[in-house]
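Each chain is listed here by its residues.
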Amino acid sequence: MKRNLVPHYSEILQQKCEPVEFNNSEVMQDLVDSFKAGPMIGLSAPQIGINLQCSLCLFSTGLEIVANPEIEYLGKEIPSMERCLSFPHIVCKVMRNDKVKLTYFDSKWNKKEAILTGLDALIAQHEYDHLQGVTMIKKAVTKQFKRA
Ligand SMILES: [Zn+2]
């Protein structure tokens, strides 16, 4: 089911999400139905009002469901200028890691491990943070409003 983005002030964006149960494919389907490639490179369940640890990420290898992720920071900190559809008029500078190991369950509930770099690493960290109730606003070193 396609769901709308919750407004930026929603409590759910600030809360740590619950783990997904292995047989819950509904949240995965809702993410797929709500995802709009182009404006989105990642979408997390709390952004569409679901308090579960599940994201949809547009990695360089394709769209990937990321459920119950764990992340290990392997590289060095770099600044990243980020946008988030939950905060449409803001660009934030946040510190990210340039290399991470992401462990997660995919849409078929296979456990996967991926070493990610570049944009893939940034997407994984941004979406992982959403599932912890941490928005880019919370992490921002600086923030600015986009020009219309
Ligand atoms: Zn976001």
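Residues numbered from 1 in each chain as written. Predicted model: local features only at pLDDT ≥ 70, side-chain atom pairs only at ≥ 80, totals over all residues. Heavy atoms only, no water.

K.L.:
Go over helix α1 (residues 26–34) with me, naming the residues and quoting the values.
P.N.:
Given 3.6 residues to a turn, an α-helix orients residues that are three or four positions apart in the same direction. Of the positions making up α1, those classed as buried are Val-27, Met-28, Asp-30, Leu-31 and Ser-34. Along the long axis of α1, the arc covered by the buried residues comes to 165°, so they all point the same way. Buried residues belonging to α1 abut β1 (42–44), β2 (54–59) and β3 (62–73). (Buried < 20%, exposed > 50% of the residue type's maximum accessible area, 1.4 Å probe, protein only. Helix = DSSP H or I, 4+ residues; strand = E, 2+ residues; numbered from the N terminus. Arc of directions from axis to C-beta. Contact = heavy atoms within 4.5 Å.)

K.L.:
Provide a residue-level description of empty space enclosed by the protein, including the pertinent values.
P.N.:
Throughout the structure, instances matching the rule amount to 1 cavity of 30 Å³ or more. If you add up the space inside the largest cavity, you get close to 30 Å³. Residue lining of the largest cavity: Ser-55, Cys-57, Val-66, Pro-69, Leu-102, Ala-124, Glu-127, Tyr-128 and Leu-131, and that is the complete set. Those elements giving two or more residues to the lining of the largest cavity turn out to be β2, β3 and α2 (118–131). (1 Å grid on protein atoms, 1.4 Å probe; cavity = no way out; pocket = protein on both sides within 12 Å on 5 of 7 lines; lining within 4 Å. Points joined across faces, edges and corners; volume = space filled by probe spheres on them.)

K.L.:
Could you give an account of unusual backbone geometry, naming the residues involved and the relevant values?
P.N.:
Non-glycine residue Asn-68 carries a positive phi angle of around 45°. Inspection of the secondary structure assignment puts Asn-68 in strand β3. Phi is positive for Trp-109, close to 60°, though the residue is something other than glycine. Relative to the elements of secondary structure, Trp-109 occurs in the loop between β6 (99–105) and β7 (111–117).

K.L.:
If you had to explain the layout of surface pockets to someone new, which residues and values would you point to?
P.N.:
Take a probe with the size of a water molecule and roll it over the atoms, and the empty space left behind shows itself. Here the largest pocket is characterised by a volume of approximately 390 Å³. Mapped onto the lining of the largest pocket, the elements with two or more residues apiece are β4 (77–84) and α2. Residues that form the lining of the largest pocket fall into these classes: 10 nonpolar, 5 polar and 4 charged. (Nonpolar A, V, L, I, M, F, W, Y, C, P; charged D, E, K, R; others polar.)

K.L.:
Report on the sheet that holds β6, specifying residues and quantitative values.
P.N.:
Taken together, the 5 strands give an open sheet; going across it, the order is β1-β2-β3-β6-β7, and neighbouring strands pair in antiparallel fashion. Each having just a single partner strand, β1 and β7 make up the two edges of the open sheet. Adjacent strand axes in the sheet meet at a mean angle of 40°, parallel and antiparallel pairs treated alike. Bridge analysis of β6 against β7 gives 7 bridges, and the strand direction is antiparallel. Residue pairing across strands places Lys-101 opposite Ile-115, the latter belonging to β7. Relative to β2, α1 is tilted by about 45°, and along the sheet it contacts β1, β2 and β3. Sheet contacts for α2: β1, β2, β3, β6 and β7; angle to β2, the most-contacted strand, approximately 165°. (Pairing = 2+ DSSP bridges. Axes fitted to C-alpha atoms, helices over the stretch in contact; angles between N-to-C directions.)

K.L.:
Can you explain the environment of Glu-70? Please cite residues and give values.
P.N.:
In this fold, Glu-70 is placed in strand β3. Residue class for Glu-70 comes out exposed when judged on its relative accessible area of 52%. Glu-70 sits 35 residues away from Phe-105 along the chain, and the two C-alpha atoms are 9.9 Å apart. Residues within four places of Glu-70 in sequence aside, it is in contact with Lys-101, Leu-102, Thr-103 and Tyr-128.

K.L.:
Describe the pairing of β2, with residues and values.
P.N.:
With 5 of 6 residues buried, β2 lies mostly within the body of the structure. Linkage of β2 to β3, two consecutive antiparallel strands, is achieved through a turn of 2 residues.

K.L.:
For the coordination of the zinc ion, give the residues involved together with the corresponding values.
P.N.:
Note on the zinc ion: its protein donors are Cys-84 (SG), His-126 (NE2) and His-130 (NE2). The metal-donor distances range over 2.1 to 2.2 Å. Mapped onto the sequence, the residues coordinating the zinc ion show the spacing C-x41-H-x3-H. A residue pair is termed a helical-turn pair when its members lie 3 or 4 positions apart in one helix, as His-126 and His-130 do in helix α2 at 4 residues. Each member of the pair, His-126 as well as His-130, carries the same accessibility label: buried. (Donors = N, O, S within 2.8 Å, 3.2 Å for Na, K, Ca; no water.)

Everything listed is a geometric property; what it means functionally is a separate question.
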